[in-house]
Structure formats: C-alpha cells, structure tokens
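Remarks on the overall topology
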Number of protein chains: 4
Amino acid sequence: MTQPVNRVVLAYSGGLDTSVILKWLRETYQCEVVTFTADLGQGEELEPARAKAELMGVKPEHIFIDDLREEFVRDYVFPMMRANATYEGLYLLGTSIARPLIAKRQIEIARQVGADAVSHGATGKGNDQVRFELGYYALQPDIKVIAPWREWDLTSRTRLIEYAEAHQIPVPKDKRGESPFSTDANLLHTSSEGKVLEDPWQEVPDYVYSRTVNPEDAPDRPDYITIDFERGDGVALNGEALSPAVLLARLNDLGRAHGIGRLDLVENRFVGMKSRGMYETPGGTIYHAAHRGIEQITLDRGAAHLKDELAVRYAELVYNGFWFSPEREMLQAAIDHSQARVNGTVRLKLYKGLASVVGRKSPDTLYSEKVVTFEDDAGAYDQRDAAGFIKLNALRLRLLGRRDGR
Amino acid sequence: MTQPVNRVVLAYSGGLDTSVILKWLRETYQCEVVTFTADLGQGEELEPARAKAELMGVKPEHIFIDDLREEFVRDYVFPMMRANATYEGLYLLGTSIARPLIAKRQIEIARQVGADAVSHGATGKGNDQVRFELGYYALQPDIKVIAPWREWDLTSRTRLIEYAEAHQIPVPKDKRGESPFSTDANLLHTSSEGKVLEDPWQEVPDYVYSRTVNPEDAPDRPDYITIDFERGDGVALNGEALSPAVLLARLNDLGRAHGIGRLDLVENRFVGMKSRGMYETPGGTIYHAAHRGIEQITLDRGAAHLKDELAVRYAELVYNGFWFSPEREMLQAAIDHSQARVNGTVRLKLYKGLASVVGRKSPDTLYSEKVVTFEDDAGAYDQRDAAGFIKLNALRLRLLGRRDGR
Amino acid sequence: MTQPVNRVVLAYSGGLDTSVILKWLRETYQCEVVTFTADLGQGEELEPARAKAELMGVKPEHIFIDDLREEFVRDYVFPMMRANATYEGLYLLGTSIARPLIAKRQIEIARQVGADAVSHGATGKGNDQVRFELGYYALQPDIKVIAPWREWDLTSRTRLIEYAEAHQIPVPKDKRGESPFSTDANLLHTSSEGKVLEDPWQEVPDYVYSRTVNPEDAPDRPDYITIDFERGDGVALNGEALSPAVLLARLNDLGRAHGIGRLDLVENRFVGMKSRGMYETPGGTIYHAAHRGIEQITLDRGAAHLKDELAVRYAELVYNGFWFSPEREMLQAAIDHSQARVNGTVRLKLYKGLASVVGRKSPDTLYSEKVVTFEDDAGAYDQRDAAGFIKLNALRLRLLGRRDGR
Amino acid sequence: MTQPVNRVVLAYSGGLDTSVILKWLRETYQCEVVTFTADLGQGEELEPARAKAELMGVKPEHIFIDDLREEFVRDYVFPMMRANATYEGLYLLGTSIARPLIAKRQIEIARQVGADAVSHGATGKGNDQVRFELGYYALQPDIKVIAPWREWDLTSRTRLIEYAEAHQIPVPKDKRGESPFSTDANLLHTSSEGKVLEDPWQEVPDYVYSRTVNPEDAPDRPDYITIDFERGDGVALNGEALSPAVLLARLNDLGRAHGIGRLDLVENRFVGMKSRGMYETPGGTIYHAAHRGIEQITLDRGAAHLKDELAVRYAELVYNGFWFSPEREMLQAAIDHSQARVNGTVRLKLYKGLASVVGRKSPDTLYSEKVVTFEDDAGAYDQRDAAGFIKLNALRLRLLGRRDGR
C-alpha cells in the first residue's frame, strides 16, 4: 500500500469519484497523476473531463483522451460476438468486454509517459477490478496497481464528499445524495446495479432504464431490417456499408426504439457472490440474433456444435477478466477459423422487445433445398442409407440392452 | 425388407398416412397389426383413431390408446428442462423429447401382446426415424423395425392416395392435395416444416402458426404470473398447485394469448442436412425462462457453470435420439444432483412475445444482500481479500507476460 | 491475524514444524490447542505424536488420533479412481485427495470440542493450504482459519529452530540442517518437492525415492496378478477378497517391488506458479491401469467417452481443492452412474516399472466376439449397414466440400 | 452397387487381397483400374507392388507409387502429437492418422487421371472404411466409392483364394492358410487384431509383436536421449537436427531396442462394437512423453488445461475419421496457437518399456525457481496474497455451507 510510486496513469472519467481518486493518489503516494479518458460510446462528452483534469492541475501533456469506439467494436465486441458468447445463458458481456481495452490503453500510455503505476476506480467487491488488473499484469507484469477503493478509508459516500470538499473538488448537486443505483455504459450496453436493484424479487423500476424505451411504449408496427455479414462480422445495415462502431450505433438506435435488449439478471460474480443487475444491450441483442441467424445456413454442424460448447467457456473467461490469456486466444483462434465463410444477409423483425430472425441467405449457404425437400429429390439423398446409419448408431445400445435388459 | 414378421405394433395416429401404413404392413408382411395411439397433448381426439382402427379390422384387444400426458411432462419434459437444454442455442426440443416415450410404450405393448416388430410413420430424411429406432433398439435389442417410408414405393402423394383408394381407406378431402407444410404437435410444442418453409429467406407465413397468436395481435397489457419450483420442477402457477401436465397446459394458454414461443430456425439434422423449421413452444418458453430464473438465486456458480457446459451436450443427445443412452443418463444424474435446492418462486411478465423474469425469491436463496451491498456490509466481505485473489490469479499471466513481452 | 481465538484444532504430525506451530498458536492467540493426528497410511507410528502432544501440555481429551485408512481409500481414493482422474495427464493426485478428509475430520473434532478455529502446517506457496481451507470453509463457513506459515515471521529454518529451542521443543538432529527436499505421504503415494528437485533439468536423485525400488533393481521376472472389481471398485487381489485399504496396501507392496509408479513432473499449481515434483504411487498406478482395463469391456462407448471428458475437469477440481463443491459432486454422480456394471477381473503383468493390462473378463462384458470376429458372424452384423452409416456421416462434409472445393 | 464406373483409383498394397480387388473391380465394373501404393514407413519394398500391378495389366502411367513419409509425419503425426491426443486414454492413433493422407492422395490422383471412383481394401466392420470414405467425400463430394468387402460375395478366405486362382493371381504360400491375426503398419505404429487376439482375457502371444523387443529381452542398462522441440515439433535427437520422418524413424529404433510402446487394448469402434487390438508405437510413445515434458515448462496453465480438454475430443475425431472436418481444424487452430513458444529440450530415460522424462529446459521456460523456491524468494511472491485468494475462492462455498449445513 505504501509502495513508492512515481507516476500513475489513472482511468479517469471526470466524475466525482475519479476526481477524488486523482487527489487521493497525489496525496497518498506523492506521485504525479496522468489521466486517461476513453470514448467507448458511453454517450458523454469527453472535453469536460479534460477541463476538469486541467483544473486539478494535471499537465496538458498528461491528459489523454481517446476515441476508442471503432477499436472497441472491431477488436473486442465483434470477436466476442463471433463466439455467440453469453454469460450464464443470458448476459451479453457488455461491461466485461470493455475493460481489457481500457487496461491495454492505460498500459500503452504508462509506457509512453514512463509511468510505473496504473489506477482505476472499481470497487473491491466487483468483477471490474479483476478485469482491469488481470489486463494490466498480463500486458506489463511489473506494473504497480493502485485500487483506491480497496485501500482508502473513504468507505461511505459521506466521507467521500467530505474529502472532496476538503480538497476543493466540486461536488455536483445530484451526487450529494446516494445514487439509487450505479451504472456503466459503453457502445454495447448500459448496466445498472446496487441499491434499488438489490432485492431480486422486486421488479426493476422503469426509471432505471436509459437506453431503451419500455416495450409497451414501442411502436405498434414492426420494423424489418437486414444485416450483411462478411467472415462472421457485420458490414452493412439495410444494404448500407458501415464501419463496426457505426453499425452498432445504428442498431442501438433501432433497439432503443423497439425496446429491445433489456435483461434482469442475478449473476455469479468471479469474486464469489451473487449480484443482481439490469442490462440494456439494444444493438448487441439484435446483432447477436443476426449472427446466429447467418451461422445457421453457413456453418457446418460439426463447427456449430463445437462452437456452442466452446462459447460457454469463452464467455466465462471474458466475464472473469481473462481476455489477455492464452486460453481465450486459443478459443478465439478456433472460433475465427470457423467464420471464414460466414457471409450473407439476415433479415430481422424488430417489434416490442423482440428481435426475430425471419430470413437468411448467403452465397455460401450449406442449406440445400434439393437435399432436404419432402418432394422428390432426384436422388440427392438415398433414404435407405438411413437404415444403416441407424443400425450402426444403435449397435452399442443393442449390446447394452442385451446385457442390462431394461 | 422381407424379413418374416408375425405381429407388429404400429405408432398409429388414425390419419391417412398411418392408415395406409397399417394396410401396407399387412399386405407386405402378411402380419397382424397392433395399433398404438398416444395422447401427448397434441390436441386431437383419440377415439376416432380407435374407430378407424376397428374399421380397418384391428382386433379391439389390439388397439391401444393411452393418455401419456402426465408421464410425458413429468418424466421427459421436466428432466430436460432441469438441464436448460436448447439445441443449437434456440430450439427447445419439443419433438425430440416425445419420441423416446412413444418408443418405450410401443416396446411395452410389443412385449404385452407378443409382437416381434414395431413400425412408425417417420420419413427417411428426418430425425424422428432415428429417435424412434434408437429407442426401440435400446429397450428391445432384438426387435424388428419396419420403417415403411424407407421401404415402400409410395414415393409421391399421388401414389399414396391411389394406394389408399385401391384399399378402401377413406381419404379426407383436405388430404387430396399437397399439404403446404407438415406438422408435429404435443403438449410442449408444435413444429412445422417443409414446402412453404423450404426457402429460409422467406418469412414464415402467418397461417403456419397454430399455437400462438401473432405478438402484434396479443393484448396491449402485460400479464404477471408466478411459478413455484420444488427440486427444479414447476409445481404451482400463481400459487395454485398443479400437476406437471396441467401446469404446462396452463402455461400454454398464457403463452398462446401473449404470442410467446415462436421460433424460425434453420437447424442441423442428425442425418446430415440442414432443414428449416418453425416451432411454437408457448408454455415451454415461459417455463424455460422461469427455471433459469429460479436457478439464478439457488444454484451455486460452480454447479451453474458446469450445467451450462453439460447442457450443450445434453441437448445434442436428446436431439439425436440418444435419450436411452448411458451418457444421457449420466448427464441427467449430474444435473438432477444440482437441483436438490432449486426451490422458490419466479415472477414473470408476459407481453407480446416476451416472457421476462422480473423477480425471484427462495427459502434456499444463495443471494446475499448483506454480502453484495454497496452499502457498509458490516464485515461480511473484506475488500482486501480481492487484492490477493487478483494477484494469484494474475501470477501465471505475469510470468507469461515477462516471457512473451506484449 | 489478531482475531480472537478460543480453541483451535491443529492438524498435528508430531514433527518439529507442527510442534512449533502448536507452541506459536498458544503464544500468539492465547488459545487452547487441540491436536489431531491421522493415520492415512503414511507409514509412521502415531503414538509418538500422542506422547509429544502430552509432553507439550495438550490435555489428553484434546489429543485426537484416528486411523482413517479405510475411510480414506473407500470414500476418497476409490471414487476418484472411478473417474480415472489424472492431473495434467499424469499425476494421480495422491496429495490432493487426502486433504479434504483431514479437513473434514478437523471440522468434526472442532464441533465436538467446541473449537472456534482450525490450523494447518501448509506453506503459503502451495496447493495444500487451499485444499485444507476450502474444505474447512465449505463444511463450517464461520470457522476461523489460522495458517501460521502465512502469518508468522519464522521465515527461515534457522529462525524456526531458534524458536523451538527457545521454547523447549526438542529438535531432532536430522532436522537441524536443511532437508534436501520435502515430502508428503499417505497410503496412495509419497510426493517430494523442493531443494534438490528445483532444477527441472536435473534428474531426480535416486535417494529421493522411498516407496519404490529403482526399476533397474526390480526382479528380472514379471509377476502376474488379478484384481476383481465390483461396481467400479477393487474388491479382491488374486481372488482374495480385501477391504479397500488392505487392497491398496498390497498393491503398494507389489508396486514397490517392481519399481512401479514413479513420476517426475513439472506441474501448474492452483496458486499460479509451476513446481517440480516427484511422485511415487506404486499401488495406485497398478489400480488405475486395472480400472481402465475393466472399463474397456464393461463400459459403453458413450459412457466411456463422456467420462474421459469429465475426468479432465474432475481432476482439476480435486487438485485445486474443490472436493466439497457442488460441481465435483455433480461429476461424481455422473461417474458413479456409469459404474453400476463395472464388474469383472483384470489380469496385469508387473515388470520393472510397467503395470500392463494383459487380460480382462467380466460377466457384464459388452465385448462380443460374435459381432467383431473376422470370421463369419452368422448375421450378427450386416456390413452393408456401414455404407449407409458412412454416407449419412459424410453428407455434411460433402455439402461442405461442394461449397469450399478443396 | 452397379453404378457405372469408368476409372477407379485403388489403394493398392501389392498383396493378395488388393490384387483380388483389382481384378474384381475390372470384372464387376468393367472399368480401368489405377493403382496407388504409398510408402508411409510400413517397412515394405514398394517396387514389387509396381511389378505386380504391371503383371496384372495396369498401364505404367496408371501405377502411382509415392514416398509420403515426410508428409505423413510433418502434416499428420506431428500436428496430432501437438494435441497430446490419445483415444480412450491410451491409444496413440497410429492407424487412424494415416488414413486421411491416403485418401487425400487417392483423390489427387483421381483428379490427375480423370477417375470417377476410388476404392480401398478395408472391411465392412472396421473403422478404416469410415476414415477412407469420409476423407474421399470431404475432398471430392461427388466421387464414387467402391468398398469391395461390403459388396462382394468373397466372404471367406477359401473363396478369396479360389477367386485368385481362377483369375491367375499368384497366391503366396503363407497366405493359403488363415493368418492368425491381421496387421497394419506405418512409420508411427503397427497394429494387430483378430483371430488369436479375439479373446480379451488371453494375453497377446509374443509372436504377434514385430516392432519392439520384449521388455524382458531389452538391455539391462538404460539409454538417455534428448529431443529438441521448436514450436511444438521435434527437430533434433541428441542435438542432431533431423527431418520429421527421420526423427521418428530414429526414435522407432530406440523404442524397438528398449521394448517401448506396446499396448494391449479393448477399444470402442466408431461402427459400434468393441474390438481388441495390440499396438506397437515405439517412437511415438517416446515422442508423446517428450512433448508433454516440454509443454510442462513452456505452456501456461490455462493453455495446458484447455488443451487437455480439447484433446479428448480431438482424439475422438481423428479416430472416427473426421480429419478433414471443420471441427478438427478448429481444434487444430486452437492447439497450434498454444505451441508458439513450445521450444526447448527434453531428456528421457529409456529402459525396458519405460520412456521417462527426467529433465526439461527451455529458453522459453515459464518455470521460475525464484518464485517457487522454499527458500527466501526475495519478495517474488507474497504469501499473504494466498489468504485473499482462498477467501474469495471459498466465498461461494461458505454461502452454500450456510444454506446446506453439512
């Protein structure tokens, strides 16, 4: 805790908490603080963060503000979507997938400015501390990591605000009271947890949602859209070629309007407890459905079933913060290998919370009407083959049945 | 094909196809035919099947008509639902899960009446032939299996109808033309495939759906319901204790009204080709969501994640027809072991195709507000433990980072 | 560290280290110490431990000495052997499997004597601390755990010995110098690690081995033995019915004589680093081979292959200390389900380090000479079935080949 | 069966059986036969096969004789060895891995000579027919496949010999009687099965072994060797750089001399029955142990454990004949990704059937004496971290223990 620190790169949002951290780091470690603020599509202006950092005395050359939206979607969200990963069957990993990128950029900046430490504002009970720090250590094994929430004695909001006021950190009015819940947002999703959400029997209040309209308020008429895929990645919406981040942003708009992607979940954290969260993943939910749709006609069964098994493990690794691990990269290599011919177009219907695949076509389709048809197939498939297929699949069961006599 | 057969138990629906089979079996094998008609909740009267069998000369003591609805849900649907099994991520296995029960009952009847053969009306291109026959062979290894669709020369509907007319089998008017699609139904679902569904780019026409209203026509106000679980199985709806089949039937009514459980899927058949199907699983979709919901607070993470991995394999086994296999039973033993404390109540919101879990509570909850809270937790969790946890999880990544130097 | 402790149950060997711990616990926590010494077949007399505890002032009613050998083999070693578990492909988990039993017994004693804490002598770098403590916490969530090696300042052997001498703890002559390696032993195995073994390029010196003769010194003639299995567990050696612990002890004698079961391994510890160890598992190696042998003829392929996949996970769980976890128990349920008909006799040849299965027979064999024979099989198998079997297995590959054109 | 065939490429050994097939193909299909004979290191001269084919009237330009040894080891054996694949825990897949290469070469030749069919001499009960034919179909979906053993009526050796004599095919004296077992050989292994091996209780007679001396006859003194690895593949023996095939051949010599790699196995065939085989894999057994040895110090735990799980599936795929499948290739991509730093040297002791790793070193080692040492580690590892690590790993078990109260 009292390790000597010279210069630290802080993941800085410009908000109250990370401003307090900025001050506390300087005070506690007598070190220089470098701030890093990323645009991951969270929907906030970044320039105020610059102004605030300057105000707090951070040197201009030590204020880093980066638009990482395209990198985020292209190198993190899309690779994960190729895996069809869902954590515990439902969660699309919107927070988990952003952390490694932030960690990576912090380490890059640390190298650039010669910092010997990094710091983040995640609490000591959550998964994000793990995700940040596993990223730091994997990329820069000797980095010093400062996690103020695990170290300091500002254990209540009252004390945090007292500290802010004592150190001339402006406290916005709406931060004086307890927030009724806490949120994280990026281009993929918004998550909320804590306070009013802590009783898993109580329905999530409607005011907690910020990224989607209530399905009940969504339009009474569906929208139909198409998404084009190339090598497993989305490349166009309704025929218009779009970059990854722009595509996701457009899908977010559509998902918001139709009330798509709300999830109320009690999940198992890596640090050992259950927590209840609310997630809104409007565009991601549509994209996830569409990707499964295009795989249905372009992926071979062997590849598809192997992917389904690997996806469970993949999701757990991403959730637990092991993005920069050999095993995640191995799984990615397997998954990416399967996507070479995942090309084509998916048509979806969006309506009051539902994103339903209603059509898919591909120059690389493996679906063959000729083979599957109930009509005469002109010899494409010999039904008599099925007899032998069944007989040999049954052979071991027959030997077993003879022995065990059910 | 020309194996001598003495007496055969036919899975008999009373419809045109199985009536033709009945006749064809007698003609081809000079054998006695025993009919078996099961009520699995397909929503058809069974007594007409009895009348028709009698009309075709089946001895009364050789006509078996059984109401298997409770057994179906209790011993097949519910165990499968304990696994949260979905095939290829989406399909709730409604057809697959009915086949083993039919096979089992056919074999029981064969033993009872001293039959040496069984027969079914499944085609040579589909999965059902496999599911029936693997069941037969597993339970009665020396049984003879007759699959007329793989053997006979009635390869078009025209020839089938000619055969029927030549043999005084009544042909209903609506069976004279080609049906625009083919269906299978039971208490869990209705599936449709073929003909108008064969182009996976074309949206499923609304007239194909029979078990659910179009979400667009569903009520504009949601319904809230509760389902109680004991040891992983549903036992009550809105507080009213119900048997398995009655519970599922009630959920079907609710699902129908709210347009829940429609699925348009291109799937990979065990026999090697892709097919496009449409499934309606109204009650099953609600139940599946509810079961996940109750597990969220009552299952430990280790159990839950292991289940998620096993579920992929489990679903594949059920889909492929390996219900009566040691490996399915092994997986079931593991899954059932996990369900001992899966007790409690789930609250769901049903609205225009969505079945959303909005609350869950349990006397056996593992969720602890005391541990997870953002507020002061009175020492229930020591945040400093997280530092050591992360450091040791990171150790191998740091050693790796030192070597590989990213 | 300075939590108040009233009474602590110490896993006590009677050796120098745990005697120092005994003293240190009393001094540091001002608490009463209860000693627990288990006979797990490590091959040491236990009465000296009693005498030593008495000498150090432990009340006679607080000295627990238990012969756990039968429980150890029956309830821990055998269930694990049913899984064919090996860690990282090679290690038979001899140390890992003993820890949960010790933990369980410590907790039982703690309840019996009203102790509020338990303590062990495992170091802070190894896996054993994890295994002990996960066991403690799983069985008694509110227990206090004292791990002196993580707490005290006796960080070198010199200081430990100084402490011993300052507290009138007798120091045996051979403990004055550094031991060239450290060992753990029980009925299943002896492990050695540290010091002279720390360079993984250097061959393990012969003097490190204590449970087996060097294969080069083993008899020039092989021994043939038989082991009988019932429901997956060994029940007889050469036709003589034996209890689990006696059977394993006899196999140890045979393994020792023939130099069987030596393993030089660099393994990955749960705490994140690699370590190099040497293991001797004489009887266990024979037993493991024999169990695989009897499964070969009595397990169905589906069960066998599922077991092979589950075994990797099972071994990792046991190694990491998750014996008392829902997921280990779920896997055990699946594995045990498979063993119902694993009955029969295996014949092995033991020779200079090799334990080779040379024959197996069973009343429950699934092996059928009639089916497999190259000779005329009288219709037991129709070779033409293979054509259909291959054609349908190939169908998806053909559709793929048509698309991808290799 | 009576499909029209114009020109067929036959996998031709030059022996009696494939010579009969050659004749039978011409007679039955009135087609031209192209012969393909491969040197996979089976230890037989190939020129006699050419002479025999010429004698039987095959056009010289239709006789293909290829030395595939380097391709076999480099592109098939080594990639499989990277996976540490063993089928059913023990079998190193020596036959399975050769079949895809033969199939691939047959298809290449078929394209070259404009053949519309391929043929092989595998029986209708075994796995090899599946492996050949899945390979054919994957690479050339419209190829015609002729499997004489499933088609003809030469169902006994007597009839085969009669056919040979009737068609002027020379019958060697030692082929007149029944062979006591049947064998397959290549550079990786020799397998034997059938006849005298059909009773799995009877020890394999010593005369069945051809590739290894009996361990009892092996030298009384061990040999020590080193193998160098680069990117997971063996590149040198005792410091001498060798090509893949030469390296494996040298290891075969060593393995033969020391009686290494004998395996007596009852295995589960893909076609549904159990069979008993004897395998000799002298060099492969040494290589397999060495590869595990080098991975021990160069593979991260996450990668290693994932590999162990994937290896089970990988082995099953190779055994079942799915080499040319997307799922095998996906697994290979994952496995190969892990091998980038699997560099270094393994030292092994060879003695009377044992191939024991006794040392490993690597410029890319992840083993750190500094971290693991029992001695003072100068702060490389903080033992106090273990407390937090254990506490958080235990948290869910404690919550569970509180609920379930063991």
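The structure displayed is predicted, hence computed values, not measured ones. (Residues numbered from 1 in each chain as written. Chains lettered and ligands numbered in written order. Predicted model: local features only at pLDDT ≥ 70, side-chain atom pairs only at ≥ 80, totals over all residues. Heavy atoms only, no water.)

Let's talk about the packing of helix 1 (residues 16-29) of chain D against helix 7 (residues 157-166) of chain D
Residue and element names in this part refer to chain D. Selection criterion: Here an angle of 0 to 180 degrees is reported between the N-to-C directions of two axes, which are lines fitted to C-alpha atoms, with helices fitted over the stretch in contact. Helix and strand labels come from DSSP, where a helix needs a run of H or I of at least four residues and a strand needs a run of E of at least two; each type is numbered from the N terminus. Handedness of each helix crossing follows the sense of rotation of the near helix against the far helix: counterclockwise by less than a right angle gives left-handed, clockwise gives right-handed. By definition in these notes, contact holds between two residues if any of their heavy atoms fall within 4.5 Å. Note on residue categories: nonpolar means Ala, Val, Leu, Ile, Met, Phe, Trp, Tyr, Cys or Pro, charged means Asp, Glu, Lys or Arg, and polar means any other residue, Gly included.
Axis separation between helix 1 and helix 7 bottoms out at 10 Å; the angle between their running directions is 65°. Here the hand of the crossing between helix 1 and helix 7 comes out left-handed. Listed contacts from helix 7 to Leu16, Asp17, Val20, Lys23, Trp24 and Glu27 of helix 1 are Arg157, Leu160, Ile161, Tyr163 and Ala164. Grouping the amino acids of the contact of helix 1 with helix 7 by side-chain chemistry returns seven nonpolar, no polar and four charged.

Quick look at the pattern of salt bridges
Put simply, the rule is: For this document, the term salt bridge refers to a Lys or Arg side-chain nitrogen within 4 Å of an Asp or Glu carboxyl oxygen. Exposure classes here rest on a 1.4 Å probe applied to the protein chains alone. A residue is buried below 20% of its type maximum, exposed above 50%, and partly exposed in between.
In this structure the tally under the stated criterion is 148 salt bridges over all chains. Notably, a salt bridge pairs Arg384(B) with Asp382(B), separated by 3.0 Å at the nearest N-O pair. Accessibility expressed as a relative area gives 31% for Asp382(B), which makes it partly exposed. Each of Asp66(A), Glu71(A), Lys104(A), Arg105(A) and Glu108(A) takes part in salt bridges that share partners, so that together they form one network.

So, the domain arrangement of chain A
Residues and elements named next belong to chain A. To keep it simple, the criterion reads: The domain limits used here are those given by an automatic or database domain assignment.
Looking at the assigned domains, one finds that chain A contains domain 1 (7-69 + 97-179), domain 2 (184-299 + 342-361) and domain 3 (370-404). Inter-centroid distance (C-alpha atoms) of domain 1 to domain 2 is 29 Å. Between domain 1 and domain 2, the residue contacts involve 14 residues of the former and twelve residues of the latter. Joining domain 1 to domain 2, the criterion identifies one salt bridge. Its salt-bridge partner being aspartate 184, residue arginine 99 comes within 3.2 Å of it at the nearest N-O pair. The class makeup of the residues in the side of domain 1 that touches domain 2 is four nonpolar, six polar and four charged.

Points about the relation of the copies chain A and chain B
Formally: Alignment of copies: least-squares fit on C-alpha atoms of residues with pLDDT of at least 70 in both copies.
Structural alignment of chain A on chain B gives an RMSD of 0.0 Å, achieved by rotating through 180° and translating 0.0 Å along the axis. Such a combination of rotation and displacement between the chain copies is what one expects of a two-fold axis. When C-alpha distances to the rotation axis are compared across chain A, the minimum falls at Glu309(A), with a value of 3.2 Å. Counting the interface residues of chain A, we find that 99% of their copies in chain B are interface residues as well, pointing to one common contact surface.

Things to note about helix 13 (residues 384-404) of chain C
As a reminder of what qualifies: Here, expected helix span is obtained from the residue count minus one, scaled by 1.5 Å. Note that bend, as reported per residue, equals the angle between axes fitted to the 7 residues terminating at that residue and the 7 residues originating from it.
The terminal C-alpha atoms of helix 13 of chain C, which comprises 21 residues, lie 30 Å apart, in line with the 30 Å expected from a rise of 1.5 Å per residue. Maximal helix bending in helix 13 of chain C amounts to about 45°, located at Leu395(C).

A closer look at the sheet that holds strand 2 (residues 32-39) of chain B
Residue and element names in this part refer to chain B. Filter applied, for reference: DSSP-based pairing: two strands are paired if at least 2 bridges between them are found.
The strand order across the open sheet built from five strands is 3-2-1-4-5, with neighbouring strands paired in parallel fashion. Edge positions in the open sheet fall to strand 3 (63-67) and strand 5 (144-146), since each of these has one partner strand only. Strand-to-strand twist across the sheet, computed as the mean angle between neighbouring axes with direction ignored, equals 25°. Across the sheet, helix 2 (residues 47-55) touches strand 2 and strand 3, and the angle it forms with strand 3 is around 170°. On top of the sheet, helix 4 (residues 99-113) reaches strand 1 (7-11), strand 2, strand 3 and strand 4 (117-119); it is set at about 155° to strand 1, its chief contact.

Thoughts on the packing of aromatic side chains
How we decide: Ring pairs shown here join Phe, Tyr and Trp side chains whose ring centres sit within 6.5 Å, with only the six-membered ring taken for Trp; geometry is labelled stacked below 30 degrees between planes, edge-to-face above 60, and tilted in between.
Applying the stated criterion to the full structure yields 50 aromatic pairs over all chains. For the ring pair Phe132(C) and Tyr136(C), a centre distance of 6.3 Å and an interplane angle of 15° mean the geometry is stacked. Of this pair, Phe132(C) and Tyr136(C) both sit in helix 5 (residues 128-139), four residues apart, roughly one helical turn. When sorted by exposure, Phe132(C) lands in the same class as Tyr136(C), which is buried. Between Trp149(D) and Trp152(D), the aromatic rings sit 4.9 Å apart at their centres with planes inclined by 65°, giving edge-to-face as the arrangement.

Description of the relation of the copies chain C and chain D
Take chain C, turn it by 180°, move it 0.0 Å along the axis, and it overlays chain D with an RMSD of 0.0 Å. Comparing interface residues between copies, 98% of those in chain C also sit at the interface in chain D, which points to an isologous, same-surface contact.

Let's talk about the confidence of the model for chain A
Operational definition: A residue's pLDDT is simply how confident the predictor is in it, with values from 0 to 100.
Per-residue confidence for chain A averages 94 on the pLDDT scale, and 99% of its residues sit at or above 70. Prediction confidence for the complex, expressed as pTM and ipTM, is 0.97 and 0.96 respectively.

A word on the packing of helix 3 (residues 69-82) of chain B against helix 4 of chain B
Residues and elements named next belong to chain B. For the pair helix 3 and helix 4, the least separation of the axes is 10 Å and the interaxial angle reads 120°. In this structure, helix 3 crosses over helix 4, and the sense of that crossing is right-handed. Packed against helix 3, whose contacting residues are Glu71, Phe72 and Tyr76, the element helix 4 presents Pro100, Leu101 and Lys104 at the interface. Along the lines of polarity and charge, the residues of the contact of helix 3 with helix 4 split into four nonpolar, no polar and two charged.

Section: the interface of chain A and chain B
Accessible area lost on assembly of the parts is the figure often given for the size of an interface. For the record, the criterion: Any N or O atom pair separated by 3.5 Å or less is treated as a polar contact, with the protein-specific requirement of one donor-capable and one acceptor-capable atom, and with residues adjacent in sequence counted only for side-chain atom pairs.
In this assembly, 106 residues from chain A lie in contact with 105 residues from chain B. One can count ten salt bridges joining chain A with chain B. For Glu309(B), the salt bridge identified is with Arg313(A), shortest N-O distance 3.4 Å. Counting every contact that joins chain A to chain B gives 44 residue pairs in polar contact (both at pLDDT 80 or more). In terms of residues, the side of chain A that touches chain B owes the most to one element, helix 13 (residues 383-404) of chain A, which gives 15 residues. Class assignment of the residues belonging to the side of chain A that touches chain B gives a composition of 45 nonpolar, 22 polar and 39 charged.

Observations regarding unusual backbone geometry
Residues and elements named next belong to chain B. For lysine 195, which is not a glycine, the phi torsion comes out positive at approximately 45°. You can see lysine 195 is positioned in the loop between strand 7 (190-193) and strand 8 (223-230). You can call lysine 195 partly exposed: its relative accessible area is 24%.

Concerning the sheet that holds strand 14 (residues 354-361) of chain A
All names here are of chain A. The strand order across the open sheet formed by five strands is 10-9-8-13-14, and the pairing between neighbours is antiparallel. If you trace the sheet from one side to the other, it starts and ends with strand 10 (240-241) and strand 14, each paired once. Sheet analysis places strand 8 (residues 223-230) next to strand 13 (residues 344-351), joined by seven bridges and oriented antiparallel. Within strand 13, the residue paired with threonine 226 across the bridge is arginine 347. In this fold helix 8 (residues 244-258) packs onto strand 8, strand 9 (233-237), strand 10 and strand 13, with an angle of close to 70° to the strand it touches most, strand 9. Across the sheet, helix 9 (residues 282-298) touches strand 8, strand 9, strand 13 and strand 14, and the angle it forms with strand 14 is around 30°.

Some thoughts on the nonpolar core
Stated formally: In this description, a nonpolar core means a group of buried Ala, Val, Leu, Ile, Met, Phe, Trp, Tyr and Cys residues linked to one another through side-chain atoms lying within 4.5 Å.
Formed by 414 residues in total, the largest nonpolar core has its most connected members in Phe72(A), Phe72(B), Phe72(C) and Phe72(D). In this structure, Phe72(B) is in contact with Leu40(B), Val77(B), Ile97(B), Ala98(B), Leu101(B), Asn186(B), Leu187(B) and Leu188(B), ignoring residues within four places of it in sequence. The next biggest cluster of nonpolar side chains, apart from the first, holds 31 residues, and it includes Val8(B), Ala49(B), Val58(B) and Leu160(B).

Describing the environment of Ile109(A)
Residue and element names in this part refer to chain A. For isoleucine 109, the position within the fold is in helix 4 (residues 99-113). Considered as a pair, isoleucine 109 and histidine 62 are 47 residues apart in the sequence and their alpha carbons are 9.3 Å apart. In contact with isoleucine 109, other than residues within four places in its own chain, are Val9, Val34, Phe36, Phe64 and Asp66.

As for the pairing of strand 14 (residues 354-361) of chain B
Residues and elements named next belong to chain B. Here strand 13 (residues 344-351) pairs with strand 14 via seven bridges, running antiparallel. Considered in strand 14, the bridge of arginine 347 is made with glycine 359. In this structure, the hairpin formed by strand 13 and strand 14 is closed by a connection of two residues, where lysine 352 is found at a positive phi of approximately 45°.

With respect to the interface of chain C and chain D
Formally: What counts as buried area is the accessible surface, traced by a 1.4 Å probe, that two parts surrender upon association, with contributions from both included.
Listed per partner, the contact involves 107 residues of chain C and 105 residues of chain D. Regarding the contact of chain C and chain D, the summed buried area is about 9900 Å², with carbon and sulfur atoms giving 56% of it. Counting across the chain C and chain D interface gives ten salt bridges. The shortest N-O distance in the salt bridge between Arg347(C) and Glu203(D) comes to 3.9 Å.

Considering the side chain of His258(A)
All names here are of chain A. If you trace the backbone, histidine 258 turns up in helix 8. Classification of histidine 258 as buried rests on a relative accessible area of 2%. With residues near it in sequence (within four places) discarded, histidine 258 still touches Val213, Ala218, Pro219, Arg221, Pro222, Asp223, Leu350, Tyr351, Lys352 and Gly353.

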